[in-house]
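Now for the letters of each chain:
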Amino acid sequence: MTHVAPVGGTAVQDHVALAEIELCGELIIAASAARERLSLESIDEVLRVAEERGPGADR
């Protein structure tokens, strides 16, 4: 017997997964709009890596 999750408002949202999906979408959009391969700096900018590390963080 197969168990299926009930339909309705009982779905659990994983906010981390949703944020990762959003960032992947933004990266796909940036890559498709670019004329050449994205540089590591461009990828970091799209993924907002500097914002996560904070000001003055070393790489």
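Residues numbered from 1 in each chain as written. Predicted model: local features only at pLDDT ≥ 70, side-chain atom pairs only at ≥ 80, totals over all residues. Heavy atoms only, no water.

1. Some thoughts on the overall build of the protein
Here comes step 1: Looking only at helices and strands, the protein has three helices and zero strands in total.
Here comes step 2: For the protein, the α and β elements follow one another from N to C terminus as α-α-α.
Here comes step 3: Burial statistics for the protein: of 59 residues in total, 5% are counted as buried.
Here comes step 4: On the protein, roughly 5,600 Å² of surface is accessible, and the fraction owed to carbon and sulfur atoms is 58%. (Helix = DSSP H or I, 4+ residues; strand = E, 2+ residues; numbered from the N terminus. Buried < 20%, exposed > 50% of the residue type's maximum accessible area, 1.4 Å probe, protein only. Areas by Shrake-Rupley, 256 points an atom, 1.4 Å probe, with all protein chains shown as cover.)

2. Observations regarding unusual backbone geometry
Here comes step 1: The backbone of R48 shows a phi angle near 55°, a positive value even though the residue is not glycine.
Here comes step 2: As for its position among the elements, R48 is in the loop between α2 (40–46) and α3 (49–53).
Here comes step 3: Overall, the relative accessible area of 30% leaves R48 in the partly exposed class.

3. Observations regarding helix α1 (residues 15–33)
Here comes step 1: With 19 residues, α1 ought to run about 27 Å at 1.5 Å a step, and its terminal C-alpha atoms sit 27 Å apart, in line with that.
Here comes step 2: Where α1 begins, the capping side chain belongs to D14, and its oxygen is found 3.1 Å from the backbone nitrogen of V16. (Expected span 1.5 Å × (residues − 1). Polar contact = N/O pair within 3.5 Å; in protein donor to acceptor, adjacent residues only side chain to side chain.)

4. Comments concerning the confidence of the model for the protein
Here comes step 1: In the predicted model, the protein carries a mean pLDDT of 79, and the fraction of residues at 70 or more is 64%.
Here comes step 2: For the protein, the element scoring lowest by mean pLDDT is α3, at 72; α2 scores highest, at 93. (pLDDT = per-residue confidence, 0-100.)

5. Overview of the pattern of salt bridges
Here comes step 1: Taken as a whole, this structure holds one salt bridge when the rule is applied.
Here comes step 2: Across the pair R48 and E26 runs a salt bridge, and its minimum N-O distance is 3.1 Å. Highlighted residues: R48 in the loop between α2 and α3 and E26 in helix α1, separated in sequence by 22 residues.
Here comes step 3: The partly exposed category is assigned to E26, whose relative accessible area is 24%. (Salt bridge = Lys/Arg side-chain N within 4 Å of Asp/Glu carboxyl O.)

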